[in-house]
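Below are the chains, spelled out letter by letter.
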Amino acid sequence: MLRHAGRTIAQYGLVVAAIVVLNFALPRLAPGDAVDYLIPPEQAGTLTVEQRDRILSQYGLDEPVPVQFERYVSGLVTGDLQSSIRYGQPVVDVIGERIGWTVLLVGGAVMLAMLIGTLLGFRSAWRRGRRSDVGTLSGVMLVDSMPPFFVGMLLILVFSVALGWFPVFGALPGTEIAGLSAIGEILQRLVLPLVTLTLAAIGPIYLVARSALVSELREDYVLMARAKGLVGRAVRRHAQRNALMPVVTIGLLEVGALVGGAAVVETVFSYPGLGRLIYESVLARDYPVLQGVFLLLAIGVILANLIGDLLYPLLDPRVRRPPAAAA
Amino acid sequence: MLRSRLVPRSVLAGLALAAALFMPAAGAQEPEQPRTVRIAISGYENNITPFNVSFGAFPVTHDLMHLVYDSLFWSQAKLEPEPWLAERATPNEDFTEWTVELRPGVRWHDGEPFTAEDVAFSFDYYERFPELSGRYAHHVFDVPPLEDAEVIDPQTVRLTFRQPAPQFPIMPGADLPIIPEHIWSEIEDPGTVDEELPIGTGPFKVTEIEPDQRYVMEANPQYFKGRPLVDRIEMPIVEDPSSAFQALRAGEIDQVARNLPPELVNQFADASGLEVLEGTRFESTQLYFNARRAPWSDPAVRKAISLAIDSQQLVDQVLLGQGREGNDGFIHPDSPWAGENNGHESDPQRAERMLEEAGYNAGSDGIRRDERGRPLSLEVLISSFDPLGLRAVEQVARQVRRIGVEVVPVALDPATLRDRRQAPEGEAPTYDAYLSTLETHAHADPDSLYYFFHSPGEKGFGAAITGWSNARFDELSERATAQPPQQRQALFDQMQSILAEEAPVVVLWYPDGNYAYRPAAYEGWISDPGHGIFTKRSFLPAYADTGAASTVEDVGESSVWPWVVVGLVALVVLGGIVAVRRRRTEDPEEDWGG
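Within each chain, residues carry numbers counting from 1 in the order of the written sequence. Chain letters and ligand numbers both follow the written order, the letters beginning at A and the numbers at 1. Two thresholds apply to this predicted model, a pLDDT of at least 70 for residue-level local features and 80 or more for giving and counting side-chain atom pairs, whereas whole-chain, interface and lining totals are computed over all residues.

## A word on the overall build of chain B
Then step 1. Numbering of helices and strands runs from the N terminus; a helix is a DSSP stretch of H or I covering at least four residues, while a strand is a stretch of E covering at least two. The number of helices and strands found in chain B is 17 helices and 21 strands.
Then step 2. For the exposure call, what matters is how many other C-beta atoms sit within 10 Å of a residue's own: 20 or more marks it buried, 12 or fewer exposed, and in between partly exposed, using C-beta atoms placed from the backbone. Going through the 594 residues of chain B one by one, you find that 49% of them count as buried.
Then step 3. Here the contacts in chain B between residues at least 6 apart in sequence split such that 68% fall between residues at least 24 apart. Here, residue contact means that the backbone-derived C-beta atoms of the two residues sit within 7 Å.

Written out as structure tokens, the structure is:
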């Protein structure tokens, strides 16, 4: 068991090291640099080579790549993520201002999508081939194939413009609102982006839940249970528990994908999350912010995987077998 | 089974409850409350100082900053700008020295008095950090180059330039934001955003900054041009244009500080509770050739392409009529420097003859070849954020194909596009042409023709823009820089004729500015040439429109977009009803073993 844990930690360590390197290299491989962004296009020509170098040196971008890499790695160790080029603030502050909104939006969407997707998926599997299964399946596929910005715009047109129930943009309550009504307004502003992102995330979870339960229902133990005279819920309960494993896996994997994938939804609803920050920073070639966010994301995905690894034994006793017995 | 049916119902009930709870209370505003106007801007500008604005709200960045700061004169779009922080400015005989007398009694937002020290300090500071405020500082170190800023007395400052600066009141006088010495003298790294709110002399003080979310400004009650008519401006940052205009329709904001897309103009002009006001920002969209790369280095090829382009057709089909055709002399027709408007010459037959005479003969595919057999195939780089530009170039491709030239549009993200435009020093860039959009500053600055088209040298953009070079143009533009307006205008006309003949650039169109707002929140908006309606004068008692605002005439056909949406919503609703009915007819107990 201990040896197994050691190997897992070593694997994760290797993954982190690879991420740290990619994190540094990828943004710099994109054509253009921060000066292209900092100086408006028609003014860029006024810069002499020396002035351009002076700007680059302000951000340490004129140094040779190995020196930049060394500073980046030592910064990671000491927790100094440098300053954003686009925002002129420390990267930690830039991320700090937005991470709460992302947790609220993406966390909420993942949980809702897991809940709804699993319920629908299990229901479909149980009624496989019936009209309600086909209906749900095609409904989910339809929603899944619609791009999130389109769903978002539709929701805005119906619920904001036509009905006036929810605001079109923003996360913060009005400036004069405080206390409980501020929380109410934050929730109100959360609804449309949350629904949009949930709809975007539900597809894969639904499909996995559905196919997992379908294959569980074909297992011998289900046949055995039926043979013993068990019907309906009793059978379903046994099978569903076993079908949860792949659902948890896909749900946790979606967390990482959704933080970045939320960029479109965050842009449509002007929501100040990390997705939009990534998008803005890519446009600005804001290397320090990109490094910071990607690192955070990578750590998040690794943590999600770790949580998955810890959850599986609780869901499925078969995973609890010591590795020696598995061999 | 029973449970699984209950779940969706309870979810529905919960949603309905939530919706009811969160329904905004209507008519909550009392008449005594301070007058707040909510204006959506398109991007975050850090803390709105000249050194760290990111031009995210382009093209309104300049007007946004000038809500907080003032310049000596206002505005640059006028031939004779109005004295603003200055009371008057007097030149010496050869315009190398300007003595500026300042308006007395002006205070900074923090209560400190504004003096000549601040003005002298501002000029020195811009000169000290040229690279950090390139947009502004180059009017201090470049044209005209500052030699000295000297304080004569607390209300008078003398600015000396190394060359005659007859246009000083316009540039930099009506452009450069004056910054407070008592704040900035201690700042050594002006690009860094610290927590402090910007301090200016302008009509509004910034009271809240939420990165990527919003700015809040409050009226400066002691403003020297009179207390602004609006007490508070809330400026949410809404990047997505369709979200911004939907929010305006939904009544969540009162103005969108960007141009209405052509397809929305009629819809918004007809909408109840909304007004549309026309006001040009001197915007232009143009095609720049890389004049250092064959065959685009041949003026005959460039001019032939220009002649093959039907600018009016682009305006009609892409801008849906909401714009004006290009001017081969580049300058916006409403700019004080436009002079005699040459318009755009469209003559495909002449274009073919020119190419014929220059020896570009068509190959078997109908595309002309140069003497080395290379096809005339023009790759045009376009920002992927410019859907109208992309459509325009596709249209241009069709027009130019008729004279045997191929045009290939390439959409790139802005940073990649800028990278492609550059080349190591001494080498020619490798692009063929690119599309760009400019605003007021490029058409109102009396030296813009110098900046954009003078050959590469110590000053100006030169090769960075087109790489085009013309000795006669250089000579005229150098002379113009030192001339007072009348003489300058005559030189400008000659310069524009050279541009029209050599076509280093083809202006595709000048879009109309159409700005939508809710008159119920504020109806004082004015259309200020060169600024549109989002500009400080719209809020000042001496300038704001206190009568009724005029609306845009109804032109063209109405858009189909709302009907598409209605159709889709109907489809979804219909689908939902069918699904529900089907579920009802299903036997709930029919499932496996149930």
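The structure having been displayed, the exposition proceeds.
## Describing the overall build of chain A
Then step 1. Assigned secondary structure in chain A consists of 13 helices and zero strands.
Then step 2. Counting across all 327 residues of chain A, residues that qualify as buried make up 40%.
Then step 3. Restricting to contacts in chain A with at least 6 residues of sequence separation, those with at least 24 account for 73%.

## Things to note about the packing of helix α8 (residues 179–217) of chain A against helix α10 (residues 233–268) of chain A
Residue and element names in this part refer to chain A.
Then step 1. Where α8 meets α10, the axes come as close as 9 Å, and the angle between the chain directions of the two elements is 155°. The pairing of α8 with α10 is recorded here as roughly antiparallel in orientation. The element α8 and its partner α10 pack so that their crossing is right-handed.
Then step 2. Each residue is assigned to one of three groups, with Ala, Val, Leu, Ile, Met, Phe, Trp, Tyr, Cys and Pro labelled nonpolar, Asp, Glu, Lys and Arg labelled charged, and all others, Gly among them, labelled polar. Among the residues making up the contact of α8 with α10, the classes are represented as 19 nonpolar, five polar and two charged. Interaxial angles span 0 to 180 degrees and are taken between N-to-C directions of axes, which are lines fitted to C-alpha atoms, for helices over the stretch in contact. Angles below 35 degrees are treated as roughly parallel, those above 145 as roughly antiparallel, those between 65 and 115 as roughly perpendicular, and all remaining angles as oblique. Should the near helix be turned counterclockwise from the far one by less than a right angle, the crossing is left-handed, whereas a clockwise turn marks it as right-handed.

## Quick look at the domain arrangement of chain B
Residues and elements named next belong to chain B.
Then step 1. These domain boundaries are the output of an automatic or database domain assignment. Splitting chain B by domain gives domain 1 (1–6 + 32–69 + 202–280 + 513–559), domain 2 (72–193 + 561–594) and domain 3 (284–511).
Then step 2. Across the contact, twelve residues belong to domain 2 and 14 residues belong to domain 3.
Then step 3. Residues belonging to the side of domain 2 that touches domain 3 are distributed by class as follows: seven nonpolar, three polar and two charged.

## Some words on the confidence of the model for chain B
Residue and element names in this part refer to chain B.
Then step 1. What pLDDT expresses is the predictor's confidence in each residue, scored from 0 to 100. Across chain B, the average pLDDT comes to 85, with 85% of residues at 70 or higher.
Then step 2. Model confidence for chain B, summarised as mean pLDDT per element, is weakest for helix α1 (residues 2–22) at 44 and strongest for strand β5 (residues 97–102) at 97.
Then step 3. Here residues 1–31 scores under 50 on pLDDT; set against residues more than four positions off or in separate chains, the count is twelve contacts.
Then step 4. For this predicted complex, the interface score ipTM comes out at 0.82, alongside a pTM of 0.84.

## Section: the packing of helix α8 (residues 299–308) of chain B against helix α10 (residues 348–357) of chain B
All names here are of chain B.
Then step 1. The N-to-C vectors of α8 and α10 enclose an angle of 160°; their axes lie 8 Å apart at closest approach. Taken together, the axes of α8 and α10 lie roughly antiparallel to each other. Read as a crossing pair, α8 and α10 show a hand that is left-handed. When α8 is examined against α10, the residues Ala300, Lys303, Ala304, Leu307 and Ala308 are found in contact with a partner set consisting of Pro348, Arg350, Ala351, Met354 and Leu355.

## Quick word on the pairing of strand β17 (residues 377–383) of chain B
Along a regular strand, successive side chains alternate from one face of the sheet to the other.
Residue and element names in this part refer to chain B.
Then step 1. Buried residues dominate β17, accounting for five of its seven residues.
Then step 2. Relative to strand β18 (residues 406–412), β17 runs parallel, the two being bridged by seven bridges. Paired with Glu379 across the strands is Val408, a residue of β18.
Then step 3. Crossover handedness is defined here as right-handed if the route from the first strand over the helix to the second strand goes clockwise, with the strands pointing away from the viewer. In terms of handedness, the path from β17 via helix α11 (residues 387–401) over to β18 forms a crossover that is right-handed. For two strands to pair, DSSP has to find at least two bridges joining them.

## A word on the sheet that holds strand β6 (residues 146–153) of chain B
Residue and element names in this part refer to chain B.
Then step 1. Within the open sheet, the four strands sit side by side as β4-β5-β7-β6. Their pairing is antiparallel. Two strands bound the open sheet, and with one partner strand each, they are β4 (86–91) and β6. If you compare each strand with its neighbour and ignore which way they point, the axes differ by 20° on average.
Then step 2. When β4 meets β5, the two strands line up antiparallel, connected through five bridges. The partner of Ala89 across the bridge, within β5, is Val100.
Then step 3. Those strands touched by helix α3 (residues 116–128) are β5, β6 and β7 (156–161), and its axis lies near 165° from that of β6.

## Things to note about unusual backbone geometry
Residue and element names in this part refer to chain B.
Then step 1. Note the cis peptide between Trp74 and Ser75, where omega equals 0°.
Then step 2. With respect to the element layout, Ser75 can be found in the loop between β2 (73–74) and β3 (82–83).
Then step 3. Met171 connects to Pro172 through a cis peptide bond whose omega is 10°.
Then step 4. Structurally, the position occupied by Pro172 is in the loop between β7 and α5 (181–184).
Then step 5. The backbone phi angle of Leu320 is positive, close to 50°, even though this residue is not glycine.
Then step 6. Mapping Leu320 onto the fold places it in the loop between α9 (311–317) and β14 (323–325).
Then step 7. C-beta crowding within 10 Å serves as the criterion here: with 18 such atoms nearby, Leu320 is assigned to the partly exposed category.

## Observations regarding the sheet that holds strand β13 (residues 284–289) of chain B
Residues and elements named next belong to chain B.
Then step 1. Reading across from one edge, β14-β20-β13-β19-β17-β18 is the order of the six strands in this open sheet, with mixed pairing throughout. The two strands at the open ends of the sheet, each matched to only one other strand, are β14 and β18. Pairwise comparison of adjacent strand axes, ignoring direction, gives a mean angle of 25° for this sheet.
Then step 2. Sheet topology note: the β13/strand β20 (residues 505–511) ladder contains four bridges and is antiparallel.

## As for helix α7 (residues 148–162) of chain A
Residues spaced three or four apart along an α-helix face the same direction, because each turn holds 3.6 residues.
Residues and elements named next belong to chain A.
Then step 1. To estimate the expected span of a helix, count its residues, drop one, and scale the result by 1.5 Å. When the terminal C-alpha atoms of α7 are compared, their 20 Å separation across 15 residues agrees well with the 21 Å that a helix rising 1.5 Å per residue should span.
Then step 2. Note on bend: the value at a residue is the angle between axes fitted to the seven residues ending there and to the seven starting there. Approximately 30° is the largest bend angle found in α7, and it occurs at Ile156.
Then step 3. Those residues of α7 that sit buried are Pro148, Val151, Gly152, Leu155, Ile156, Leu157 and Ser160.
Then step 4. A positive backbone phi angle near 70° is found at Gly164, which sits one or two residues after α7.

## A look at the environment of Ala542 of chain B
All names here are of chain B.
Then step 1. Within the secondary structure, Ala542 sits in the loop between β21 (514–517) and α17 (561–585).
Then step 2. Given 7 C-beta atoms within 10 Å, Ala542 falls into the exposed group.
Then step 3. Here the alpha-carbon distance between Ala542 and Tyr451, two residues 91 residues apart in the chain, equals 35 Å.
Then step 4. Among residues more than four places away in sequence, those in contact with Ala542 are Lys225 and Gly226.

## With respect to the environment of Arg86 of chain A
Then step 1. Tracing the backbone through its elements, the reader meets Arg86 of chain A in the loop between α4 (65–78) and α5 (91–126).
Then step 2. Residues Arg86 of chain A and Leu283 of chain A, 197 residues apart in the sequence, show an inter-C-alpha distance of 9.7 Å.
Then step 3. Residue contacts for Arg86 of chain A: discarding those within four places in its chain leaves Glu280, Ser281, Ala284, Asp286 and Val289 of chain A together with Ser54 of chain B.

## With respect to the environment of Tyr517 of chain B
Residues and elements named next belong to chain B.
Then step 1. Topologically, Tyr517 is positioned in strand β21.
Then step 2. Tyr517 gets classed as buried once you count the C-beta atoms within 10 Å, which come to 27.
Then step 3. In sequence terms Tyr517 and Asp70 are 447 residues apart; their C-alpha atoms lie 25 Å from each other.
Then step 4. Residues in contact with Tyr517, not counting those within four places in the same chain, are Asp254, Gln255, Glu275, Leu277 and Trp525.

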